[in-house]
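# Notes for the structure review
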Amino acid sequence: MKPLVCLMVLYLISEVGSFDLVIDEIPDEVENLIDVEIEGFPPVSKTRNGRYQRSTSDWGYVEDLVEDDDKIGLYSYKVQSTITSRLANTMIQAKMVNNAKRSQHIVFDVQVPKGAFIDNFTMDVNGITFTSSIREKSEARRMYSQAKAKGKAAGIVRSNALDMENFKTEVNVPPGTRIQFELHYQEMIRRKLSSYEHVISMKPGRLAKHMEVDVRIIEPQGLRYVHVPNSLGDHFNGITTISKGEKKAHVSFKPTMAQQRKCPTCSSTAVDGNFVVQYDVNRENTGGELEIFNGYFIHFFAPENLDPLPKNILFVIDVSGSMWGLKMKQTIEAMKAILSELRAADQFSLIDFNHNVRCWRDNLVSATPVQVEDAKKYIQTIHPNGGTNINEALLRATFILNEAQNLGMLDPNSVSMIVLVSDGDPTVGELKLTTIQKNVKQSIKDEFSLFCLGIGFDVDYDFLQRIATDNRGMAQRIFGNQETSAQMKKFYNQVSTPLLKKIQFNYPQESVSDVTQSSFHNYFGGSEIVVAGKVDTENLQHLESIVTATAANAELVMETLRDVEELDGFMKKDKYADPEFTKKLWAYLTVNQMLAERNTAPTAALKRNITKSILQMSLDHHIVTPFTAMLIENSEKDEIMLADQPKDPRRGCCSGTLGLTPNAPNNNKGIPAWANVTAVPVSFMPEQRSPPVSAVSINRVDNDPHFIIYLPKSQRNICFNINSEPGDILNLVSDRGTGVVVNGQLIGAKKAENKKLDTYFGKIGFYFKNKGLKVEINTEKITLKDGSYSIALTWSDTGHIIRKQLLISVKKESNVTITVGEEMSFMVLLHRVWKNHPVNVDFLGIYIPPENQLSPEAHGLIGQFASEPEVYIHHQRPGQIPEKPQATMEVKGNKLTVTRGLQKDYRTDRVYGTNVQCWFVHNSGKGFIDGHYKDYLVPHLYSFLKKP
């Protein structure tokens, strides 16, 4: 059997979604690259037609690579980033090798900054190169379908709506395979709190023989300073070098392999975080700086030394049940600090809401010391509980501001704003997000701004972002942890100092065209406004701009004049400068502006026209947007992968405590990908391995009860049955390290058959000790308990329960998934039988992915296999039944006779199930599990397993 190479791409982009690529067929060129050696990298590799193809990269020898237990070596991890006038072009490249004697997965996993546009991705597998191109989505799907019909389609990507910005590629390769990944993306570096901050994620996951981060900055305005904070930790003090000139800078980070180690004898890497470069530029003109190059202009506007405008601010705080605990404590701490920073000229009030809406004051009050202290005392008394009525809370806030405006209570030069702090979706009152968005827009009437802070992992950040940008504001997601308070204060500081309002940019109409947004409601200190457009440089010697704005004490008029050829010499002489930086910045700003306009388009016709414009811009500038797809092809273009971006369905969930989604059986946002598998035909494979596909790569207990344990390293399924008594509680997972328990209680059939009473799981309990949460699932309902607090859904519901970053997703009469952050997830499957069946009863099955992050202390009938034992199966021979051969299995010092057979995976077909091949261990798993199965009996549904 030839070793196979299968490819998986998982690809998440802010505002766009995530991509999960599933391979239908293996590229022939890659499958036949099997003449490779295990030690190091051979200079050539052989294709199926007998020709040898040299790799496109000179990797050298890699025998001295440091490998983890999986024998995967990281030869190099390289990041190159060039910033030209705030436009950052970044390339991340990793070269890896599988030095194991078996096929296994190699993963390329990087973080892409929110708002960045990915514009290129390539993969080189033993000299076969796959490159990408951007196509209109329907065209890309058509090309993929045609290739699939001809048997030439390598895969398809399906999307899930997550707001994380990961790019992940996973490749299953044979021994000795060398592979290179290379990702390119571009972003505009935004100015916040008087600094530009370029963030590069550095999470290689293992030691690299060669590691390098190389950042070059080219700023024609001149560099005020360049700083690299110690964001990766004290471990790397003194390694970064900075070379700064008047207008250019070079930052280099090259830790040796010894410096990368967590400790001198450690084989794990200490490189795990963000590499950050901060800088600012010189400013000589209050009217901003004009940069003109290659037919485009960029106008950077960031005036300084202005008195702040007074502000009228309403804080709208979510105090629903889901804010209970650390999130509420941190919010109160942050709000007390924020209130202390209000200026004497400011006016403010507080609104807190759950299913009801309360006002600390029904009108705005001056920020005197007495009022501020009283507001702090009020916040201290908040106790979260109940649901979430976002619509009424925001409308109450807009009413207070509008009434104050109508009564003449606001300073004409003041700036009005609302700051919403929430951790989720509406569960009370108006639930339709588009209606809430429309209501708020109509009430605000472009008179003031709305800023949104989304707290936690469960918040619908896309909605908060839409409603904020729709109302001249912005949104930010922060995570409910110990740093919540600091993150909230940092966000507030970005909007706490309005310096200008009613800003208008004016340019000579006969000389410029296609100008991006040129009017702005407010300018906040420490930020920057950027305007871009096309300019006719052939018939123009100078470009003049006039900016008008309202300041604290006057109406300002600021002029800027710039020679259109001033930058030509400087930019053309610098080999690192991007010659298309003005064009790319204009495209970046234009696409983002059109995406925002599309969200608020009042008519379907206008939305269609904007969509067409976004599509054309995406194709012209080779960037991925929601209306394009990325095709990944080999050089012969006869193997195609499709990176698709279908529009994400909105998650029907709640943030308060409970969310129901009627008539939404396909609502899968927040549910782990392994829980949404499609049926995969299973055929008999050679005895060495089980097929490494998602339909079988999971641990499960189902039916009466049949255990199937998947061993990822050896890619085998081992199965056994447990024959116990009704009422017995079996421990499946007991992990004191993570504080997680999973137990199942058996029920019996209505009567025995052939003198044997079958047993099934009728109740499954989950205990998350560190969160203080218990979940009980039986055949009637799903219950979450948090101390004396309890909430339940029945199997007739579709919906979610969210508490303390634990998500329970219920699919009506089908399954429940429990997700704990990114660490672990579980699925419980419901089996219904005919109510009057003479023998069978309703029962449950449980599915647990091996990727769950359990600790080394994990045990239990399933948990013990988190530390995979060495399994050696040999001496395969015919069994008593021809379809069920036997073999000898050596495991844990035992020699066992095992039988090849089929078990069932019921996730895709709950009636008949999908066949899963496995080696069956007789006598209730004796010899494969530690001890005897009776050692796993526990007294209660939430009991830990006793230590041996």
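The coordinates are above.
Report on the accompanying structure. In this text, all values refer to a predicted model and were calculated from it rather than measured experimentally. (Residues numbered from 1 in each chain as written. Predicted model: local features only at pLDDT ≥ 70, side-chain atom pairs only at ≥ 80, totals over all residues. Heavy atoms only, no water.)

### Some details on helix α5 (residues 369-380)
Over its 12 residues, α5 runs 17 Å from end to end, which matches the ideal 16 Å to within 8%, given 1.5 Å per residue. Taken residue by residue, α5 has V372, A375, K376, Y378 and I379 as its buried positions. Along the axis of α5, the buried positions cluster into a sector of 160°, meaning they face one direction only. For α5, the exposed residues set more than 90 degrees away from the buried face come down to P369, V370 and K377. (Helix = DSSP H or I, 4+ residues; strand = E, 2+ residues; numbered from the N terminus. Expected span 1.5 Å × (residues − 1). Buried < 20%, exposed > 50% of the residue type's maximum accessible area, 1.4 Å probe, protein only. Arc of directions from axis to C-beta.)

### Observations regarding the pairing of strand β9 (residues 128-136)
Here strand β8 (residues 117-125) pairs with β9 via 3 bridges, running antiparallel. The partner of D124 across the bridge, within β9, is T129. Here β8 hands over to β9 after 2 residues, with N126 in that stretch at a positive phi of 50°. (Pairing = 2+ DSSP bridges.)

### Some remarks on unusual backbone geometry
Positioned with a positive phi, N294 is a non-glycine residue whose angle comes to about 55°. Locating N294 in the fold gives a position in the loop between β20 (289-293) and β21 (296-301). Positioned with a positive phi, K502 is a non-glycine residue whose angle comes to about 55°. Its location among the elements puts K502 in strand β29 (residues 498-506). Taking the relative accessible area as the measure of exposure, K502 reaches 57% and is therefore exposed.

### Here's the deal with the state of the cysteines
Tallied over the entire structure, the rule returns 2 disulfides. Here C263 pairs with C266 through a disulfide, and the sulfurs are 1.9 Å apart. What sets the handedness of the C263 and C266 disulfide is the S-S torsion sign, and at about 95° it is right-handed. Under the relative-accessibility criterion, C263 is labelled partly exposed at 25%. (Disulfide = S-S within 2.5 Å.)

### Topic: the nonpolar core
If you look at the biggest cluster of nonpolar residues, it comprises 58 residues, and the most contacted ones within it are F766, I777, I808, I818, M889 and F928. Core analysis: the second largest hydrophobic core is formed by 55 residues, A88, I134, F167 and V271 among them. (Core = buried A, V, L, I, M, F, W, Y, C linked by side-chain atoms within 4.5 Å.)

### Section: the environment of T169
With respect to the element layout, T169 can be found in strand β11 (residues 166-173). Put simply, T169 and D109 are 60 residues apart on the chain and 6.3 Å apart in space, counted from C-alpha to C-alpha.

### Focus on the side chain of Q864
Relative to the helices and strands, Q864 resides in the loop between β51 (843-848) and β52 (871-877). Side chain to side chain, Q864 and Y936 meet in a polar contact 3.0 Å long. Setting aside chain neighbours within four positions, we find Q864 in contact with A858, H859, K892, F928, I929, D930 and Y936. (Polar contact = N/O pair within 3.5 Å; in protein donor to acceptor, adjacent residues only side chain to side chain. Contact = heavy atoms within 4.5 Å.)

### Section: the packing of aromatic side chains
Taken as a whole and assessed by the stated rule, the structure comprises 23 aromatic pairs. With a centroid separation of 5.2 Å and 25° between ring planes, the pair formed by F348 and W360 is classed as stacked. One end of the pair, F348, is in strand β23 (residues 347-353); the other, W360, is in the loop between β24 (357-359) and β25 (365-366), and 12 residues separate them in sequence. Comparing F348 with W360 shows no difference in burial state: the two are buried. When the ring of F451 is compared with that of F524, the centres are 5.8 Å apart and the planes differ by 75°; the resulting orientation is edge-to-face. One end of the pair, F451, is in strand β27 (residues 449-455); the other, F524, is in strand β31 (residues 519-524), and 73 residues separate them in sequence. As far as the burial class goes, F451 and F524 line up, both buried. Taken together, F301, F505, F520 and Y523 form an aromatic cluster joined through their ring pairs. The positively charged end of R216 is found above the aromatic ring belonging to Y576, 3.8 Å away from the centroid. Positioned over the ring face of Y789 is R803, at 3.9 Å from the centre of the ring. (Phe/Tyr/Trp six-rings, centres within 6.5 Å; stacked < 30°, edge-to-face > 60°. Lys NZ or Arg CZ within 6 Å of the ring centre and 35° of its normal.)

### Describing the packing of helix α11 (residues 581-599) against helix α12 (residues 604-621)
Packing of α11 against α12 leaves a shortest axis separation of 10 Å and a crossing angle of 155°. By the criterion of interaxial angle, the relationship of α11 to α12 is roughly antiparallel. The chirality of how α11 crosses α12 is left-handed. Along its contact with α11, which presents K583, W586, A587, T590, V591, M594, L595, E597 and R598, the element α12 presents K607, I610, T611, S613, I614, M617 and H621. Residues belonging to the contact of α11 with α12 are distributed by class as follows: 8 nonpolar, 4 polar and 4 charged. (Axes fitted to C-alpha atoms, helices over the stretch in contact; angles between N-to-C directions. Parallel < 35°, antiparallel > 145°, perpendicular 65-115°, else oblique. Left-handed = near helix turned anticlockwise from the far one by under 90°. Nonpolar A, V, L, I, M, F, W, Y, C, P; charged D, E, K, R; others polar.)

### Considering the sheet that holds β31
Read across the open sheet, the 4 strands follow the order β31-β29-β33-β34; overall the sheet is antiparallel. The two strands at the open ends of the sheet, each matched to only one other strand, are β31 and β34 (555-563). With strand direction ignored, the average angle separating the axes of adjacent strands in the sheet is 30°. Here strand β33 (residues 542-550) pairs with β34 via 9 bridges, running antiparallel. In the strand pairing of β34, A549 is matched with L556.

### Some remarks on the environment of H198
Tracing the chain through its elements places H198 in strand β14 (residues 195-202). Judged by its relative accessible area of 0%, H198 falls in the buried class. Expressed as a C-alpha distance, the spacing of H198 and V276, which sit 78 residues apart in the sequence, is 5.7 Å. H198 has contacts with S81, I83, A88, T90, E187, I189, V215, F275, V276 and V277, leaving out every residue within four places of it along the chain. A distance of 2.7 Å separates a polar atom in the side chain of H198 from a polar atom in the side chain of S81.

### Details of the pairing of strand β28 (residues 475-478)
What you see with β28 is no split at all: A475 and R477 on one side and Q476 and I478 on the other are buried throughout. In this structure, β27 lies alongside β28, joined through 4 bridges in parallel fashion. Within β28, the residue paired with I455 across the bridge is I478.

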